[in-house]
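Observations on chain architecture
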Amino acid sequence: MHIDRYISVNRIVDLTSNDLTSAYSELLDTFTTLLPTPAKRKKVLKELVDREKSLTSYLGEGVALPHARVPMKRPYALAIGRCPTGLSFEGKDSYEDVRFVFLLLANEKAKNYLSFLAALARSFQDSTVMDQLWMARGKTEFRSAVRKAFAGTDDRPARRRTKFNKLLTDEAAKIAKAAECSTILIFADVFPPSLAPRMTFSGFNVVLAGQDVSEDDRAHHRADAILAVRALSRARLSQLRAAILLGLTRDIFGFQDRVCCIGGIPNSGQLDTVLVVDVDEEFESVIGHGEEMLPPDVSAEALERITAIATDLASTGREGKAIGAMFILGDHKEVNKRSKPLILNPFYGYDEEDRSILNPFMDETIKELALIDGAFIVRGNGVVESAGCLIQAKANDIVLPGGLGTRHAAAAAITHVTDSLALVVSSSGQVTYFRKGQMFTLFDKSEGRSL
């Protein structure tokens, strides 16, 4: 996701206001070409402030990320303000910790809006990004730090590795041809965003997998499809199973395909592994045929996002410890009939966009509520219906391996009697996918790799 393309140096400012409303107004005033009249800017300001009253834009780490969709020609635009003494808003203490405001405007018809918002939010969890912002002194240095943090200008590591990477991709193409592969799957997280060499393979379907892969990356590599899959560890091809599972649900792969996978250590800039996988031998015996894998009302984007959240809970959870959780996706009306709330519904009354798991502001909410017993019930489009639910489905003919707990039994049962799927995170750090009562392990933290 090339965030730097939407950052203009003229929209990187030191804010003079300590009041949140006035500070947001200062940032909106930098959009004179996109929002040419005061009336338009005032309308957007009201939307931002009204939204702030119901759902804070503060992400932690000193960063606030207000955002709005507006009619404009560009897909996205950012204004960035620094506020050394924090902000005040309705007497809420959390705003006193704000030091950086990233105001995002998105075209009303921009594709992957929530995915872009999520990628931007995740970048603030990167210490190399935040360290540069915190250490900057004057305005000029701050502007330079922002540009450098998001552009990744140091390309020397990539230049040193270019020769070897080209050698490996050339050999991978030969292997794929000799093995009669239909598809080449590239794990794009090997490269920092601005240092990715162009990798094209004529005669093959090319698929990019990575946490923040975008349509820009797809165009850069002339790929046929992209898959949003997080790298779970430094183990080679740790995303493999999740990538192929999600690809099957989106009809990017078929069970008849043979896939040549190319990858390496995330963010190393170095490709080092080539692996050929027969999809049917690896997956069909476990999860059935493609038409049975995804319920009809479930979007691939929702499954991708829940998979990312589940693996976050398994790998880092809270204070580095995995948190057990269960997500039931799809056929929510039938699932609701077979569930009982254990707590008052924390999602009741919120707009659908605010409680969509595609919205990055939901991440912390989901992780906090995962500490409560019970399941999350999620519509097929990713809108969360409720949390803390007791599943009361029965399926006497379900047989599970020994050692699995009540979450796994409940997930198997509910997916057997409804047209839904479930992801279960165990307290040991294992992520398991359930469909039609059958289980498929995606990730096991105890082994430090995908299974």
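Our subject is the structure that appears above.
Report on the accompanying structure. (Residues numbered from 1 in each chain as written. Predicted model: local features only at pLDDT ≥ 70, side-chain atom pairs only at ≥ 80, totals over all residues. Heavy atoms only, no water.)

This next bit is on the overall build of the protein chain. From N to C terminus, the protein chain includes 14 helices and 19 strands. Considering only contacts within the protein chain whose residues lie at least 6 apart along the sequence, 66% involve residues at least 24 apart. Summing over all exposed atoms, the protein chain offers an accessible surface of approximately 20,500 Å²; the carbon and sulfur share of this is 49%. (Helix = DSSP H or I, 4+ residues; strand = E, 2+ residues; numbered from the N terminus. Contact = heavy atoms within 4.5 Å. Areas by Shrake-Rupley, 256 points an atom, 1.4 Å probe, with all protein chains shown as cover.)

Further remarks concern the pattern of salt bridges. Oppositely charged side chains can form a pair if their charged atoms are brought close together. By the definition in use, this model includes 18 salt bridges. Measuring nitrogen to oxygen at the nearest pair gives 2.8 Å for the salt bridge that ties D14 to R82. Of this pair, D14 sits in strand β1 (residues 7-14) while R82 sits in strand β5 (residues 76-82), and the two are 68 residues apart along the sequence. When its relative accessible area of 28% is taken as the criterion, D14 is described as partly exposed. We classify R82 as buried; its relative accessible area is 10%. We note a salt bridge from D363 to R305, for which the minimum N-O separation is 2.7 Å. In this pair, D363 is assigned in helix α13 (residues 362-369) and R305 in helix α11 (residues 300-315), connecting sequence segments 58 residues apart. As far as the burial class goes, D363 and R305 line up, both buried. One continuous salt-bridge network, built from bridges that share partners, spans E352, R355, R379 and E385. (Salt bridge = Lys/Arg side-chain N within 4 Å of Asp/Glu carboxyl O. Buried < 20%, exposed > 50% of the residue type's maximum accessible area, 1.4 Å probe, protein only.)

What follows concerns the side chain of D331. Structurally, the position occupied by D331 is in the loop between β12 (325-329) and α12 (332-337). Buried charge D331 goes without a salt bridge, the closest partner of opposite sign being R338 at 6.4 Å. (Lys, Arg positive; Asp, Glu negative; His and termini not counted.)

Glancing now at unusual backbone geometry. A positive phi angle is found at D251, which is not glycine, with a value near 60°. Here D251 falls in the exposed class, since its relative accessible area comes to 66%. Located in the positive-phi region is D331, a residue other than glycine, with phi close to 50°.

Okay, the pairing of strand β8 (residues 205-210) next. With five of its six residues buried, β8 lies for the most part within the structure. Relative to β8, strand β7 (residues 183-187) is paired through five bridges, and the arrangement is parallel. What sits directly across from L185, in β8, is V207. Here four bridges tie β8 to strand β9 (residues 225-228), and the two strands are oriented parallel to one another. (Pairing = 2+ DSSP bridges.)

Per the stated rule, a full pass over the model turns up ten aromatic pairs. Between the aromatic rings of Y6 and F116, the centroid separation amounts to 5.5 Å while the plane-to-plane angle is 85°, which identifies the pairing as edge-to-face. Of this pair, Y6 sits in the segment before β1 while F116 is found in helix α3 (residues 113-123), placing the two residues 110 residues apart along the sequence. The pair Y6 / F116 is uniform in exposure class, with both members buried. Aromatic rings pair up to connect Y6, Y76 and F116 into one cluster. (Phe/Tyr/Trp six-rings, centres within 6.5 Å; stacked < 30°, edge-to-face > 60°.)

Summarising burial for helix α8 (residues 240-249): ten of the ten residues are buried, a large majority. By the burial criterion, the buried members of α8 are L240, R241, A242, A243, I244, L245, L246, G247, L248 and T249. Of the residues trailing α8, D251 is marked for its positive phi of about 60°.

With that settled, the discussion passes to the sheet that holds β8. Sheet architecture is open: five strands sit in the order β9-β8-β7-β10-β11, paired in mixed fashion. Because the sheet does not close on itself, it has two edges, and the strands there are β9 and β11 (273-278). Strand-to-strand twist in this sheet, taken as the mean axis angle between neighbours without regard to direction, amounts to 20°. Relative to β7, α8 is tilted by about 130°, and along the sheet it contacts β7, β8, β9, β10 (258-263) and β11. (Axes fitted to C-alpha atoms, helices over the stretch in contact; angles between N-to-C directions.)

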